[in-house]
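Each chain is listed here by its residues.
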Amino acid sequence: QVQLVESGGGLVQAGGSLRLSCAASGRTFGGYNMGWFRQAPGKEREFVAIISVSGGRTDYADSVKGRFTISRDNAKNTVYLQMNSLKPEDTAVYYCATTTSWSSSVAAFHSWGQGTQVTVSS
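Residues numbered from 1 in each chain as written. Predicted model: local features only at pLDDT ≥ 70, side-chain atom pairs only at ≥ 80, totals over all residues. Heavy atoms only, no water.

Within the open sheet, the 6 strands sit side by side as S2-S10-S9-S4-S5-S6. Their pairing is mixed. Of all strands in the sheet, those bounded by a partner on one side alone are strand S2 (10-13) and strand S6 (58-60). This sheet shows a mean twist of 25° between the axes of neighbouring strands, independent of strand direction. Of the strand pairs in this sheet, strand S5 (residues 46-51) and S6 are connected by 3 bridges, and their pairing is antiparallel. Across the sheet, residue Ile50 finds its bridge partner in S6, namely Asp59. (Pairing = 2+ DSSP bridges. Helix = DSSP H or I, 4+ residues; strand = E, 2+ residues; numbered from the N terminus. Axes fitted to C-alpha atoms, helices over the stretch in contact; angles between N-to-C directions.)

What follows is the structure, given as structure tokens:
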């Protein structure tokens, strides 16, 4: 089991940037693909990005492609989400999660963090 703690959320104006971090505890962090999801009020949790164990493969939701970048540092047991050119519609609670699959489905992910709030003002 991997425990995940997200941080780095906050309030930012449209067009601004934030970098989210997800710190993992447990020796098996390096054995998982890692994903970022987000959930806005009244909406379902949706896929944002995924990164492979080595960091050499990534995939993004169309809505964030070209603006967000996922990365990881296995030595620090941490995965990041760099968010640029933020829009009000990016406002949501952002979660990181682990998976042994290559998938954008919530059901494919198992360990989840508690989330960090990102609010983008117009």
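Most often, soluble globular proteins keep nonpolar side chains buried together rather than apart. Trp36, Leu81, Met83 and Tyr94 are the most contacted members of the largest nonpolar core, which has 34 residues in total. At 5 residues, S5 tops the list of elements feeding residues into this core. (Core = buried A, V, L, I, M, F, W, Y, C linked by side-chain atoms within 4.5 Å. Buried < 20%, exposed > 50% of the residue type's maximum accessible area, 1.4 Å probe, protein only.)

Turning our attention to the sheet that holds strand S1 (residues 3-7). Strand order in this open sheet of 4 strands is S1-S3-S8-S7, and the pairing throughout is antiparallel. The sheet is open, and its two edges are formed by S1 and strand S7 (68-73), each paired on a single side. For this sheet, the mean angle separating the axes of adjacent strands, direction not counted, is 15°.

Applying the stated criterion to the full structure yields 5 aromatic pairs. With a centroid separation of 4.7 Å and 80° between ring planes, the pair formed by Phe37 and Phe109 is classed as edge-to-face. Here the residue Phe37 occupies a position in strand S4 (residues 33-39), and Phe109 occupies one in the loop between strand S9 (92-99) and strand S10 (116-121), the gap between them amounting to 72 residues. With a relative accessible area of 6%, Phe109 lands in the buried category. Connected via pairs of aromatic rings, a cluster forms that spans Phe37, Phe47, Tyr95, Phe109 and Trp112. Positioned above the aromatic ring of Tyr95, the side-chain terminus of Arg45 is 3.7 Å from the ring centre. (Phe/Tyr/Trp six-rings, centres within 6.5 Å; stacked < 30°, edge-to-face > 60°. Lys NZ or Arg CZ within 6 Å of the ring centre and 35° of its normal.)

Moving on: the side chain of Asp90. Within the secondary structure, Asp90 is located in the loop between strand S8 (78-83) and S9. Residue Asp90 is classed as buried on the basis of its relative accessible area, which comes to 0%. Ignoring any residue separated from it by four or fewer positions in sequence, one finds Asp90 in contact with Arg38, Arg67, Phe68, Ser85, Val118 and Val120. (Contact = heavy atoms within 4.5 Å.)

The next subject is the state of the cysteines. In total, this model carries 1 disulfide according to the counting rule given. Between Cys22 and Cys96 runs a disulfide, and the two sulfur atoms are separated by 2.0 Å. Handedness of the Cys22-Cys96 disulfide follows from its S-S torsion of about 60°: it is right-handed. Here Cys96 lies in strand S9 and Cys22 lies in strand S3 (residues 18-25), a separation of 74 residues in the sequence. For the residue pair Cys22 and Cys96, the accessibility class agrees, reading buried in each case. (Disulfide = S-S within 2.5 Å.)

Attention now goes to the pairing of S8. Burial within S8 is extensive, with 5 of its 6 residues counted as buried. Relative to S8, S3 is paired through 6 bridges, and the arrangement is antiparallel. Bridging across to S8, Arg19 finds its partner in Gln82. As judged from the 6 bridges shared by S7 and S8, these two strands associate in the antiparallel manner. Paired with Phe68 across the bridge in S8 is Met83. Hairpin connection of S7 to S8: 4 residues between the antiparallel strands, including Asn77 at a positive phi of 50°.

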